[in-house]
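# Inside the fold
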Amino acid sequence: MNQLEYSVIVPAYQAADVIGACVRTLAQQTVERARYEIIVVDDGSTDGTADAAREAGADRVVRVPHGGPAAARNAGIAAAQAEIVLFTDADCEPSENWIARMVAPFADPQVMGVKGTYRTRQQSLIARLVQLEFEIRYARMAELPHIDFVDTYAAAYRRALLVEYGGFDTAFPIPSAEDVDLSFRLARAGHRLVFAPEAWVWHRHPATLGRYLARKARFGYWRALLYVRYPDKISGDAHTDPALKPQFALVALLGLAAMVGLFWRPAWIAAGVLLVAFLATTLPFVRWAWRRDRAVAVIWPGVTLLRVVIQGLGLALGLVRQIVTK
């Protein structure tokens, strides 16, 4: 008789330098080791990821042709033996009680999915900004009785539910919004998803402004597909900063006013007003961050302006792609 209660699935691509630490921390959980399995899905790596995972203690390494994280996770679901499946990423190191805290909400038979959190040991300014950006979102989510947004750096689902809904959509070929798409799909169908704020994993966030903005551009591009599929989410979800939508509008109007100002100087007055209005939308985070990290609070308005421009351009390109390929 199969005694496994939990299957932990880790998709890994070119992750030989990080997968070992991930698997070792998974193998040292407070949950008895015989109760769970660790499955690493090697997504067509050529750098020795599979060998590194085996050496670190993975129970199984499933090798598949490179197809992206959605396809890799689906292969892990197919291989899983337990009724509850957990997901984390190869560049994450779960805390020792991560499994215990992730699975605790399933004591309620109505709970179908669980979301955990990020922490970081990094000291660079941008990494600290990223962490606080997550933490203010976590604070909002913690007040909700259920959520609609689960990202797979720390996620758990009932396996039967994932099989019923076909798992992750491989229309997302790179790490982007494949996990959010799944949670939106399940929430729309009425399944209860909850937040477990103390189920955390260590992570290395983008440490430079360039990497941070590149990540935002990618997310913006693939978020377009989400909005085409789930137009009701344009108004917001449990995770996204509620200020982001008005910020997109203000930046678009600001850009338009600046272009008009090249030919009609009074338009610069409107541009200035719009810039002040935009900066005002950043003040709630600035006040919140000031007590935690003043350097992050100081740079937040400027970084947010760049983020909204870059992410907005990514979103616009994604929408164009959706229209052209529809």
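Use the structure listed above.
Attention in this report is confined to the structure presented alongside it.

Definitions and limits used
Residues numbered from 1 in each chain as written. Predicted model: local features only at pLDDT ≥ 70, side-chain atom pairs only at ≥ 80, totals over all residues. Heavy atoms only, no water. Helix = DSSP H or I, 4+ residues; strand = E, 2+ residues; numbered from the N terminus. Buried < 20%, exposed > 50% of the residue type's maximum accessible area, 1.4 Å probe, protein only. Pairing = 2+ DSSP bridges. Expected span 1.5 Å × (residues − 1). Contact = heavy atoms within 4.5 Å.

### Here we look at unusual backbone geometry
At Gln14, a position not held by glycine, the phi torsion is positive, near 50°. Within the element layout of this structure, Gln14 appears in the loop between strand 1 (6-12) and helix 1 (19-26). In this structure Gln14 comes out as partly exposed when scored by relative accessible area, which is 34%.

### Topic: the pairing of strand 8 (residues 192-203)
Direction of pairing for strand 5 (residues 92-94) relative to strand 8: antiparallel, over a ladder of three bridges. The residue bridging Glu93 from the neighbouring strand is Trp202, located in strand 8. Two elements, strand 6 (residues 111-119) and strand 8, share seven bridges in a ladder whose sense is parallel. Counterpart to Arg119 in the pairing with strand 8 is Trp202.

### Brief notes about helix 5 (residues 125-141)
Its 17 residues give helix 5 an end-to-end C-alpha distance of 25 Å, which sits within 8% of 24 Å, the value for a rise of 1.5 Å per residue. With twelve of 17 residues buried, helix 5 is to be regarded as a mostly interior element. For helix 5, the complete set of buried residues consists of Ile126, Ala127, Leu129, Val130, Gln131, Leu132, Glu133, Phe134, Ile136, Arg137, Tyr138 and Met141. On its buried side, helix 5 packs onto strand 6, strand 8, helix 8 (209-229), helix 11 (283-290) and helix 12 (294-325).

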